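A structural walkthrough
Each chain, letter by letter, is given below.
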Amino acid sequence: MMPFTYKALPSHVTFGRGSRAKISQELDRLGITRAIILSTPGQAPLADEIAREIGKRAATLFPGAAMHTPVDITASALAAVSSSKADGILSVGGGSTIGLGKAIALRTDLRQLVVPTTFAGSEMTPIIGQTENGVKTTQKTMRVLPEAAIYDPDMVVSLPGRVAGPSGMNAIAHSVEALYAEETNPVISMMAEESIRALGHALPRILDQPNETEAWTDAVYGAFLAGICLGSVGMALHHKICHTLGGTFDLPHADIHCLMLPYSAAYNRAAAPDAMARIAKALDGDDGPAALYELMLKTATKKSLREFGLSEADLDKAAEMAVKNPYYNPRPVTKEGVRGMLQAAYDGHVP
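Quick word on the overall build of the protein
Along the protein, the regular secondary structure elements total 13 helices and eight strands. Dimensions of the protein, computed from the C-alpha atoms along their principal axes, are close to 55 × 40 × 40 Å. Counting the 351 residues in the protein, one finds 58% classified as buried. Restricting to contacts in the protein with at least 6 residues of sequence separation, those with at least 24 account for 76%. Averaging the positions of the 32 positive and the 36 negative side-chain charges in the protein gives two centres separated by 5 Å.

Written as structure tokens, this is what we have:
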């Protein structure tokens, strides 16, 4: 047994079908009397519905969350917080909405309640990514960790397959990297393997039979575990390259994670054999990256970087950016190595 440290993150989690009904109760427990309710424009009707359900606890709606948390959007949301005299944050949505809530909390210390509607997992992490002038940067601080989350599988069952598949793969990416993160430990590795298993088996069922409630519940459970993994032990090359591609070229967050996961795992295949064995076991495969590739083919909306509209010159730029201030990674991160990984993903080759 290797020596390790483990620190549990202080989040209050409510899980189960129908738990959306406990939003008011959770706001009261957190001492939030006037919440700004955040969402993306597409989920504004849902946010409005929840505002009516919680009545006087809703201070105002801000349905302007956007991918990669642009700082100008955050500035507008902060103005809404001030004008409405909100004393807390209720984020209803996926990574974009949760990211905006974190950005507000970073600047105000307001408490957060999150009701996830995707598998993003950001609600369980003290990590925030923000974009300014086309550059996405991340930081880790307990100031942005939401105090509470409500996981209601009924909140995600309406996700179309083109969203559910990549979102689930995004969650799996958290768990994959947790297996070989710098601060990995046996507790998190156990959660990571279970998360990959739960999501890996649930996602094909969701795509084949969207009305299978149990599959959605399993996927939400896997995403919850994935969020804990990411928040506890950090990130590696996969997240660095996805943040680079997403922030620089404005690519869809979950979709780029979905595509790149098998390729980033393959980059680390020889350097993290135990992690690869756990991934293969969780997905009932013989090789971790190959099993992830097969799952990616089932879940991805686009199956190569070429399909995202990138050029080979863009790959050069991304590789150069990815080696600046690199995240920890079990295999040394080199420009040549990253460029080769990107080329394989550009061509859609088996990793």
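Examining the layout of surface pockets
For the largest pocket, the calculated volume is near 840 Å³. Taken together, 39 residues make up the lining of the largest pocket; nearest its centre are Gly94, Gly95, Ser96, Ala120 and His253. Listed by contribution, the elements that provide at least two residues to the lining of the largest pocket are helix H4 (95-108), strand E6 (127-132), strand E7 (135-140), helix H5 (161-178), helix H8 (237-249) and helix H9 (253-267). For the lining of the largest pocket, the element with the most residues is H5, which contributes six residues. Residues of the lining of the largest pocket, tallied by class, amount to 13 nonpolar, 22 polar and four charged.

Thoughts on the packing of aromatic side chains
Enumeration over the complete set of coordinates arrives at four aromatic pairs. Here a set of aromatic residues connected by ring pairs shows up, and it is made of Phe15, Tyr151 and Phe224. Its guanidinium or amino end placed over the ring of Tyr267, Arg331 lies 3.7 Å from that ring's centre, counting from NZ or CZ.

Focus on the pattern of salt bridges
If you walk through the whole model with that rule in mind, you get 18 salt bridges. Of the charged contacts, one joins Arg57 and Asp28 as a salt bridge, the two residues approaching to 2.9 Å between their closest N and O atoms. On the criterion of sequence distance, the pair formed by Arg57 in the loop between helix H2 (44-54) and strand E3 (58-62) and Asp28 in helix H1 (residues 23-30) is long-range, its members being 29 residues apart. The partly exposed category is assigned to Asp28, whose relative accessible area is 43%. Between Arg306 and Asp347 there is a salt bridge whose closest N-O contact spans 3.1 Å. Of the two residues, Arg306 is situated in the loop between helix H11 (288-299) and helix H12 (312-322) and Asp347 in helix H13 (residues 335-347); the sequence distance between them amounts to 41 residues. On the basis of relative accessibility, which here comes to 29%, the residue Asp347 falls in the partly exposed class. Salt bridges sharing partners connect three or more residues here, namely Glu193, Asp274, Arg278 and Lys281.

Some remarks on empty space enclosed by the protein
In this structure the tally under the stated criterion is one cavity of 30 Å³ or more. In this model, the largest cavity occupies a volume close to 60 Å³. Pro116, Thr118, Phe119, Glu123, Tyr151, Asp152, Val156, Val220 and Ala223 are the residues that line the largest cavity. Taken together, the residues that form the lining of the largest cavity break down as six nonpolar, one polar and two charged.

Focus on the sheet that holds strand E4 (residues 88-93)
Two pairing modes exist for strands in a sheet, parallel and antiparallel, and in both the strands are linked by backbone hydrogen bonds. Taken in spatial order, the six strands of this open sheet run E1-E8-E5-E4-E2-E3, and their pairing is parallel. At either end of the open sheet lies a strand with only one pairing partner, and these are strand E1 (12-15) and E3. Strand after strand, the sheet turns through a mean of 15° between neighbouring axes, direction not considered. Here E1 runs beside strand E8 (residues 148-151); their pairing, made up of four bridges, is parallel. When the bridges of E8 are listed, Phe15 appears paired with Tyr151.

Section: the pairing of strand E5 (residues 111-116)
Of all six residues that make up E5, five are buried, and the element is covered over most of its length. Pairing analysis gives six bridges linking E4 to E5, with the strands arranged parallel. Bridge pairing in E5 links Gly88 to Arg111. The parallel pair E4 and E5, bridged by H4, forms a crossover whose chirality is right-handed. As judged from the two bridges shared by E5 and E8, these two strands associate in the parallel manner. From the neighbouring strand, Val114 faces E8, where its bridge partner is Ala149.

Notes on the environment of Ala215
Inspection of the secondary structure puts Ala215 in helix H7 (residues 213-233). Residue classification places Ala215 among the buried residues on the basis of a relative accessible area of 0%. Spatially, the C-alpha atom of Ala215 lies 16 Å from that of Leu295, the residues being 80 residues apart in sequence. Leaving out residues up to four positions away in the same chain, Ala215 has contacts with Ala202, Arg205 and Ile206.

Describing the environment of Cys258
With respect to the secondary-structure elements, Cys258 resides in helix H9. Residue Cys258 is classed as buried on the basis of its relative accessible area, which comes to 0%. Between the C-alpha atom of Cys258 and that of Gly348, which follows or precedes it by 90 residues, the distance is 13 Å. Cys258 has contacts with Pro166, Met169, Met296, Thr299 and Ala300, leaving out every residue within four places of it along the chain.

Definitions and limits used
Residues numbered from 1 in each chain as written. Predicted model: local features only at pLDDT ≥ 70, side-chain atom pairs only at ≥ 80, totals over all residues. Heavy atoms only, no water. Helix = DSSP H or I, 4+ residues; strand = E, 2+ residues; numbered from the N terminus. Buried < 20%, exposed > 50% of the residue type's maximum accessible area, 1.4 Å probe, protein only. Contact = heavy atoms within 4.5 Å. Lys, Arg positive; Asp, Glu negative; His and termini not counted. Charge placed at Lys NZ, Arg CZ, Asp CG, Glu CD. 1 Å grid on protein atoms, 1.4 Å probe; cavity = no way out; pocket = protein on both sides within 12 Å on 5 of 7 lines; lining within 4 Å. Points joined across faces, edges and corners; volume = space filled by probe spheres on them. Nonpolar A, V, L, I, M, F, W, Y, C, P; charged D, E, K, R; others polar. Phe/Tyr/Trp six-rings, centres within 6.5 Å; stacked < 30°, edge-to-face > 60°. Lys NZ or Arg CZ within 6 Å of the ring centre and 35° of its normal. Salt bridge = Lys/Arg side-chain N within 4 Å of Asp/Glu carboxyl O. Pairing = 2+ DSSP bridges. Axes fitted to C-alpha atoms, helices over the stretch in contact; angles between N-to-C directions. Right-handed = clockwise from strand over helix to strand, strands pointing away.

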